[in-house]
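Examination of the molecular architecture
Below, each chain spelled out in residue letters.
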Amino acid sequence: MTTEKEQRLRDKLLPEIEAFKQERHSLQLATQDAEGVPNASYAPFAVADDGFYILVSELARHGTNLKVSDKVSVMLVEDEASAKSVFARKRLTFDATAHLVDRNSETFSKGVDLLAQRFGAMIDNLSTLKDFNLFKLSPHHGLYVKGFGQAFSLSGNELLDVDWKRDGHHGTPKSELADVAN
């Protein structure tokens, strides 16, 4: 049962998170190969009601990795140049399952159309190349960080359940230690 306070938090954060997603044009990917060796990369994306769509070449490590393991970690992050602090950049991270989309499916057409709306004719060209595959990334747990002390766990259907992570940092900052020593 959602309390009134939780509902207010959802009503404020969910549109903010949606706007943050729309402002980003690429996402960071953490994939792994068949031996479990990690790889960090990025891909342009389009977001839809059923997940994130990326079109990647299997000539790239992440393109091969996504075919081997459907487990992926994704991050959308605020640009350093516009962040108030490089230590507290806004970011949305989530664990997801990658689904290879069949070229002859309606989902393939949907994903390619969404990507073409964002990135233009280049997507139409890339989507015809046999080494490029469309993946749908389906998030199942997320974290939205607005800044220091402002981290919100996202869960549930479509990541609509919001929980403010209030456990905080542990230890004493050096500035406080110096004040105690004087």
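Residues numbered from 1 in each chain as written. Predicted model: local features only at pLDDT ≥ 70, side-chain atom pairs only at ≥ 80, totals over all residues. Heavy atoms only, no water.

1. So, the overall build of the protein chain
Counting secondary structure elements, the protein chain contains five helices and nine strands. Ordered by position from the N terminus, the helices and strands of the protein chain form the series α-β-β-β-β-α-β-β-α-α-β-β-β-α. When each of the 182 residues of the protein chain is scored for burial, the buried share is 37%. Put simply, the protein chain shows about 11200 Å² of open surface, and 52% of that area lies on carbon and sulfur atoms. (Helix = DSSP H or I, 4+ residues; strand = E, 2+ residues; numbered from the N terminus. Buried < 20%, exposed > 50% of the residue type's maximum accessible area, 1.4 Å probe, protein only. Areas by Shrake-Rupley, 256 points an atom, 1.4 Å probe, with all protein chains shown as cover.)

2. Details of helix α3 (residues 106-119)
Taking 1.5 Å as the rise per residue, α3 with 14 residues should run 20 Å; its terminal C-alpha atoms sit 20 Å apart, in good agreement. Among all positions in α3, only Phe 108, Gly 111, Val 112, Leu 115 and Ala 116 are buried. Angularly, the buried residues of α3 cover 135° about the axis, an arc narrow enough to put them on a single face. Exposed and facing more than 90 degrees away from the buried side of α3 are Glu 106 and Gln 117. A positive phi of about 80° marks Gly 120, the residue just after α3. (Expected span 1.5 Å × (residues − 1). Arc of directions from axis to C-beta.)

3. Focus: the nonpolar core
One finds Leu 27, Ile 54, Leu 76 and Leu 137 to be the most contacted residues of the largest nonpolar core, which totals 25 residues. Discounting chain neighbours no more than four positions away, the residues touching Leu 76 are Phe 20, Lys 21, Arg 24, Leu 27, Phe 45, Phe 52, Lys 90, Arg 91, Leu 92 and Phe 94. Phe 108, Val 112, Ala 116 and Ile 123 belong to the second-largest nonpolar core, a separate cluster that totals 12 residues. (Core = buried A, V, L, I, M, F, W, Y, C linked by side-chain atoms within 4.5 Å. Contact = heavy atoms within 4.5 Å.)

4. Let's talk about helix α1 (residues 4-23)
If you check α1, its first and last C-alpha atoms are 29 Å apart, about what 20 residues at 1.5 Å a residue would give, namely 28 Å. Of the positions making up α1, those classed as buried are Leu 9, Arg 10, Leu 13, Ile 17, Phe 20 and Lys 21.

5. Thoughts on a nonpolar patch on the surface
A grouping of Val 86, Phe 87 and Phe 148 is seen on the molecular surface, where their side chains present a nonpolar patch of about 390 Å² in accessible area. Relative to the helices and strands, Phe 87 resides in the loop between β5 (71-77) and β6 (91-100). A relative accessible area of 68% means that Phe 87 is categorised as exposed. (Patch = residues over 30% accessible without salt bridge, like charges linked within 9 Å, V, L, I, M, F, W, Y side chains within 5 Å. Salt bridge = Lys/Arg side-chain N within 4 Å of Asp/Glu carboxyl O.)

6. Quick word on the environment of Thr 97
Along the chain, Thr 97 turns up in strand β6. Spatially, the C-alpha atoms of Thr 97 and Ser 69 are 8.9 Å apart, while their sequence positions differ by 28 residues.

7. Some words on the packing of aromatic side chains
Scanning all chains against the criterion turns up three aromatic pairs. Residues Phe 45 and Phe 52 carry aromatic rings whose centres are separated by 5.5 Å and whose planes lie at 50° to one another, so their mutual orientation is tilted. Side by side, Phe 45 and Phe 52 carry an identical accessibility label, which is buried. One aromatic cluster is present, formed by Phe 45, Phe 52 and Phe 94 through successive ring pairs. (Phe/Tyr/Trp six-rings, centres within 6.5 Å; stacked < 30°, edge-to-face > 60°.)

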